[in-house]
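# Observations on the three-dimensional arrangement
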Amino acid sequence: MTRMRRWLPGLLLLSPSIAAIAIFVYGMLGWNLQVAMTDRHDEISEGRFVGLTNFVQLWDQPRWHISVEHAVVFTLVFVGGALLLGWLLAFLMERGIRGEGTFRAIYLFPMAISFVATGIVWRWLMNAGTGERAVGLNALLDGLGLGFLQWQWFRDPDWGMAAMAIPAVWQMSGYVMALFLAGFRGVPDELREAARVDGASEWKVYRHIVLPLLRPVTLSALIILGHISLKVFDLIVAVAGTQVVTDVPAVFMWVAVFDSHDPAKGATIAAYIVLSVTVFVVPYLIWSVRRERRES
Amino acid sequence: MTAVARRARVLPGVRFALLIAFVLVFLVPVYVLLATSFKPLTEADPGQAWNLPRTWTFEAWRVAWEKLAPGLLNSVLIAVPGALISAALGSMNGYVLSKWRFPGADVVFTLFLFGMFIPYQGVMIPLVQLMTTLDIYGGLPGLILAHVVYGIPICTLIFRNYYVTIPDELIEASRVDGAGMLRAYRSVVLPVSGPAFAVVVIWQFTSLWNDFLFAVFLTGPQSWPATVLLNNIAGAQATPYSQQMAAAILASIPTMVVYVLLGRFFMRGLMAGALKG
């Protein structure tokens, strides 16, 4: 009884938030799943339970295949690019450099801006005109004597999504840099010194001392970039609208709901997006909560 | 001079040069935005993107302001209350989850955290239905409610991680003095919460200001925030480039100002987003 008096007030204070999360996160996810399992293919009908039919039938649609392929290409280029660039920037600044505060501020500022605002300027920069009609980045490449690098950017039918990842890399690599910089600085100097005294080269110190200690930071960055990537929507709408050439599941879902007026289809796509994030976020969350408990 | 000493002298120069090169790359879009926004209509075409304006004019800024003003106002009405309510909720949740833990608190916390990562597409269709049923669909209160609710996980996380660093003995001491949970919060926890409040308010303000997904799904034309209005302005074929660029800058000024003035706190919010990274 006394023990309960100890924790009951806390639970009461937290209960509005528990209720909100239960309803708006888990309740809504469940409700969405329920809509996805009906044949509500217009906005008036009640919808009958059809099981997983929509989940299977979605794969018959060419546009779904395209949007999944696009999401894969975008994710690989965006996550890989932001990790590499962010790591490189942190690596260059790691041991302290004049004007570090200014460098950090400049690399980080794109994060403070919305994807919609940056999409406007990138749409312009990545104009598809080449040769005589080159503008934007293509004109810049031409001016730098790199005209052979001109291409159609996000309008390229095969690798357009790689171009679409460029603004996302621009926006997020500063964040990765900040994460890695904190990671680098968390490596105790004594560890490095000890290895150097033992005659290890700088490269070996880096490879065997620093890199293993950066693993948790890398994992965090991977998870954060990955879940941003799989639900990307704003950036693509701002750069290219809702065209098939740059379709991803989130845009396809938007089209299904607002253009095709098909809630069941939209809910099915949404459920697939949630699933793709869940499969790697849930193990990560369990791992990090356990790790914290071990450390405390 | 030994090889090590020579390398130590050469490398900083190389690193510095590389960092400067990246700064230039990072600032390319900013140059285009600024330069184009000051151009008159005759110069605002993609062919002249890299030139500075020959005639400088504020005309595009004036028109962009007129078009964007209602959205900017809505964004303020969304982001300011939204951020404040989120911070208040997060502070109480973080306090409970760090200092007044109950059986199963870890499970509840983990379930909260998952809410941080869910793609909001997964809740959007039912959310629209629920809000229509409750008759709050389309307006600002509904949108603020959504932002506050889906902001609970990150705000709780930041406050919890901050409060964990307050020694338990302080709470115990005030408890021995007969203070209950809320009094201990007011007298011990709240006075030292300033930095955590700054982090959360900035984080939420930035995310609410920059949000597009919730806004397009949940609001009607009267309540469109700056991001949605900006996307519509820029999407219209008839809008001159100079106005698009000026509007994009206008919509970004508030978060940029917050970032410049309070960047330190912004950084801490980012770090918290990476859990215990």
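Keep in mind that this is a model prediction, so the values were computed, not measured.

If you look at the interface, chain A gives 93 residues, while chain B gives 91 residues. Across the chain A/chain B interface, buried area totals approximately 8,400 Å², and carbon plus sulfur atoms make up 77% of it. Interface area lost by chain A to chain B is led by Leu13(A), Phe24(A) and Trp124(A), which between them contribute 10%. Across the contact surface, chain A and chain B share zero salt bridges.

Right, let's get into the domain arrangement of chain B. All names here are of chain B. Splitting chain B by domain gives domain 1 (3–37) and domain 2 (61–274). If you average the C-alpha positions of domain 1 and of domain 2, the two centres end up 34 Å apart. Listed as interface residues are four residues of domain 1 and, on the opposing side, seven residues of domain 2. Broken down residue by residue, the surface that domain 1 buries against domain 2 is led by Leu-33, Thr-36 and Ser-37, which jointly contribute 86%.

Moving on to the nonpolar core. As a rule of thumb, soluble globular proteins bury nonpolar side chains together. Membership of the largest hydrophobic core comes to 196 residues, with the highest contact counts inside it found for Phe78(A), Tyr107(A), Leu127(B) and Tyr150(B). Of the residues forming this core, the biggest block, 17 residues, is contributed by helix H7 (residues 160–185) of chain A. Looking at which domains feed residues into this core, each of domain 1 (3–37) and domain 2 (61–274) of chain B gives three or more. Residues in contact with Leu127(B), not counting those within four places in the same chain, are Phe24(A), Met28(A), Ala146(B), Tyr150(B), Phe214(B) and Leu218(B).

All right, on to the packing of helix H4 (residues 121–133) of chain B against helix H5 (residues 140–163) of chain B then. Residues and elements named next belong to chain B. For the pair H4 and H5, the least separation of the axes is 12 Å and the interaxial angle reads 135°. Comparing their axes, H5 and H4 come out oblique. Crossing handedness for the pair H4 and H5: right-handed. For the pair H4 and H5, the contacting residues are Val-123, Leu-127 and Met-131 in the first and Gly-142, Leu-145, Ala-146 and Tyr-150 in the second.

Parameters and conventions
- By convention here, each chain's residues receive numbers from 1 onward along its written sequence.
- All chains are assigned letters beginning at A, and all ligands numbers beginning at 1, according to the order in which they are written.
- Only residues with pLDDT of 70 or above have their local features reported here, since the model is predicted, and side-chain atom pairs are shown and tallied only from 80 upward, although totals for entire chains, interfaces and linings are computed over all residues.
- In computing side-chain values, all of the structure's heavy atoms are included and hydrogens and water are not.
- Whether two residues are in contact is decided by their heavy atoms: any pair within 4.5 Å suffices.
- The term buried area means the drop in 1.4 Å probe accessible area that two parts suffer when joined, counted for both and summed.
- Whenever Lys or Arg places a side-chain nitrogen within 4 Å of a carboxyl oxygen from Asp or Glu, that contact is recorded as a salt bridge.
- Domain start and end points were adopted from an automatic or database domain assignment.
- In this text, buried Ala, Val, Leu, Ile, Met, Phe, Trp, Tyr and Cys residues form a nonpolar core when linked through side-chain atoms within 4.5 Å.
- Accessibility here uses a 1.4 Å probe with only protein chains present; expressed as a share of the type maximum, an area under 20% marks a residue as buried, one over 50% as exposed, and anything in between as partly exposed.
- In this description a helix means any DSSP run of H or I spanning at least four residues, a strand means any run of E spanning at least two, and both kinds are numbered starting from the N terminus.
- Every axis corresponds to a line fitted to the C-alpha atoms, with the helix fit spanning only the stretch in contact, and the corresponding angles, defined between N-to-C directions, vary from 0 to 180 degrees.
- Should an angle fall under 35 degrees it is called roughly parallel, over 145 degrees roughly antiparallel, and 65 to 115 degrees roughly perpendicular, with every other angle called oblique.
- Should the near helix be turned anticlockwise from the far one by less than a right angle, the crossing is left-handed, and should it be turned clockwise, the crossing is right-handed.

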